[in-house]
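In case you want the letters, here they are:
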Number of protein chains: 2
Amino acid sequence: MKLDVELMILDELIQEIVQGKYQVNEQFPSENELSQKYNVPRIKVRNAFLKLEEMGYIYSQQGKGRYLKDKQLKIKLHLTGAQSFTEKMTEAGYAFESKNIGCEKITYHPRIYSILQVSPEDEVFKISRLRMIDGKPIALHSSFVAKSIFPNIEQDGSRLSSMFAYYRENGWTEFTSSDSHLSISFPTSEERSILQCPSLIPLLIVESDCIAASQHKVLEYTKIIYRSDSFTYKIPSE
Amino acid sequence: MKLDVELMILDELIQEIVQGKYQVNEQFPSENELSQKYNVPRIKVRNAFLKLEEMGYIYSQQGKGRYLKDKQLKIKLHLTGAQSFTEKMTEAGYAFESKNIGCEKITYHPRIYSILQVSPEDEVFKISRLRMIDGKPIALHSSFVAKSIFPNIEQDGSRLSSMFAYYRENGWTEFTSSDSHLSISFPTSEERSILQCPSLIPLLIVESDCIAASQHKVLEYTKIIYRSDSFTYKIPSE
DNA sequence: TCATCATAACTTGTTGCCAAGCTAGTGAAT
DNA sequence: ATTCACTAGCTTGGCAACAAGTTATGATGA
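Residues numbered from 1 in each chain as written. Chains lettered and ligands numbered in written order. Predicted model: local features only at pLDDT ≥ 70, side-chain atom pairs only at ≥ 80, totals over all residues. Heavy atoms only, no water.

A. Inspection of the protein's contact with DNA strand D at higher detail. Near DNA strand D you find 19 residues, and of these A:Gly63, B:Ser30, B:Arg42, B:Gly63 and B:Arg66 are the closest. If you look at DNA strand D and keep only atoms within 4 Å of the protein, 72% of those are sugar or phosphate atoms. Within the side chain of A:Lys64, an N or O atom sits 3.3 Å from a phosphate oxygen of DNA strand D. Separating a phosphate oxygen of DNA strand D from a side-chain N or O atom of B:Arg46 is a distance of 3.1 Å. Secondary structure elements with two or more residues in the surface near DNA strand D: α3 (42-54) of chain A together with α2 (31-38), α3 (42-54), β1 (58-61) and β2 (65-68) of chain B. Broken down by element, the residue count for the surface near DNA strand D peaks at three residues, all from α3(B). (Near = heavy atom within 4 Å. Polar contact = N/O pair within 3.5 Å; in protein donor to acceptor, adjacent residues only side chain to side chain. Helix = DSSP H or I, 4+ residues; strand = E, 2+ residues; numbered from the N terminus.)

B. The arrangement of the relation of the copies chain B and chain A in detail. With an RMSD of 0.1 Å, the fit of chain B onto chain A corresponds to turning through 180 degrees and sliding 0.0 Å along the axis. Viewed as a symmetry operation, the transformation between the two copies matches a two-fold axis. By residue overlap, the copies meet face to face through one surface: 97% of the interface positions of chain B are interface positions in chain A. (Least-squares fit on C-alpha atoms with pLDDT ≥ 70 in both. Contact = heavy atoms within 4.5 Å.)

C. Representation of the protein's contact with DNA strand C in the model. Around DNA strand C, the surrounding shell holds 19 residues, and the nearest of these are A:Ser30, A:Arg42, A:Gly63, A:Arg66 and B:Gly63. Each atom of DNA strand C within 4 Å of the protein belongs either to a base or to sugar and phosphate, the latter forming 68%. Side-chain polar atom of A:Arg42 to a base oxygen of DNA strand C: 2.3 Å apart, as the coordinates give it. Between DNA strand C and the protein, one listed contact pairs a phosphate oxygen with a side-chain N or O atom of A:Arg66 at 3.0 Å. Broken down by secondary-structure element, the contributors of at least two residues to the surface near DNA strand C are α2 (31-38), α3, β1 (58-61) and β2 (65-68) of chain A together with α3 of chain B. The element contributing the most residues to the surface near DNA strand C is α3(B), with three residues. Here the residues of the surface near DNA strand C are counted per class, giving two nonpolar, nine polar and eight charged. (Nonpolar A, V, L, I, M, F, W, Y, C, P; charged D, E, K, R; others polar.)

D. The domain arrangement of chain A, seen in detail. Residues and elements named next belong to chain A. With domains assigned, chain A is organised as domain 1 (5-68) and domain 2 (75-234). If you average the C-alpha positions of domain 1 and of domain 2, the two centres end up 37 Å apart. Counting residues at the interface gives five residues for domain 1 and four residues for domain 2. Taken together, the two surfaces of domain 1 and domain 2 that pack against each other cover about 320 Å², and 62% of this comes from carbon and sulfur. Counting the contacts that link domain 1 with domain 2 gives zero salt bridges. (Domains from an automatic or database assignment. Buried area = accessible area lost by both parts, 1.4 Å probe. Salt bridge = Lys/Arg side-chain N within 4 Å of Asp/Glu carboxyl O.)

E. Representation of the packing of aromatic side chains. Within this structure, the stated rule accounts for 26 aromatic pairs over all chains. Summarising the aromatic geometry, the rings of A:Tyr108 and A:Tyr113 are spaced 4.7 Å apart at their centres and angled 65 degrees between planes, so their arrangement reads as edge-to-face. (Phe/Tyr/Trp six-rings, centres within 6.5 Å; stacked < 30°, edge-to-face > 60°.)

In structure tokens, the structure reads:
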């Protein structure tokens, strides 16, 4: 069994943080101080700190030191539910804001096309909305819809805020959905930049669809990317 | 905007991996090779590789090189459901195995005690089972029960494989549960050792309870820790 | 007394150098 | 021809030395 001092130090630091040893913006012991305390080379302590920073616990200032970051607001979120994201948030009393950040045609993607039940010749558009609380991005909501079902989506897409409202405008009134799929991954550089998060924040990815109840027609494939440090999630007990 | 070459290289490597550029056990370009290609110091490439290793994508051999790891089997798991874990797995046809790895008295923990609705003087025991597929640990299932409800738990705890069976033995027959709570975190050193996983595998943590339907008595507080690289999760659409 | 500057002693940030491990090739000894 | 030991050249692993930024202190001079 190889014991890794870097991870040991990281464990210890995280434990101290969750136990509340440090105040927000309080300075941590310096790299040299800890390397002497643990009797390990400075680089080991340094690497532990770097990881801690990428996990979003701390920030650092060259020449000064490392400090505890203000922790993210934890939002209780009910996963699943036909209720729209906006409804969930405003109902729960958060200073919620949603921003349409673009509508673009995607290149052929077998999985998405198959879920939408359209042919490769069809055009599919991705409408992205950024979900924010207190001006901070917390989730990225992407809806994929086919032009064959919504002929004007190319023009309409970039001004939509509620997809449900758009579907109603287009004559669809009752909706249902299949099971949601949930997975976890790390942010790509693009996602990091959009969600303004460091690299070691795991993302919770929920994929689902929206089906017109009347005709069993798939209207949309949905992919929501949540910052895992911003939420605690609830799953109904059936 | 500060662009970080380490993360840029990491992004690129991950993308190449998911796109299938490398076969399992195929060797990656060496640190020196990539540092020349990107025209950055070797340490940057090295750090990207180290992170890739901690994420479980690759393994390295000193003197030889870095190689693509065999990817984890992805198990489709239905979150929630009164169905026991064992049932879910065997039903889905996996070579599933469960190992009781101990029963121990826990020190007072306000949240757990409050969920179990017992007083601080009461004794609470944690029964841990390791869930494995093909001999590889994939989840750690911990059940917390009070001695006041199960007087013999201290003796029985370390031989139990099914809690439901134990409850029935003790005269409880119908069960229900509250909403499940879901969160994500990184493994502690202990969890890494039990689950045999590297440090940057996010863990999916599902907390729930088990309530005797007849008397509305809380029998157990449950905490299941899943390796996020071993599962894809499904959530019912209600 | 007060303002200014140089400096020393800390902090974090960067990277080059050497160690350790593996392998294939070389050539001497059998 | 075969075996063995050595070596050169690659690989990853580890870390010390240096760079850059900040701050407090104290000497200097108006």
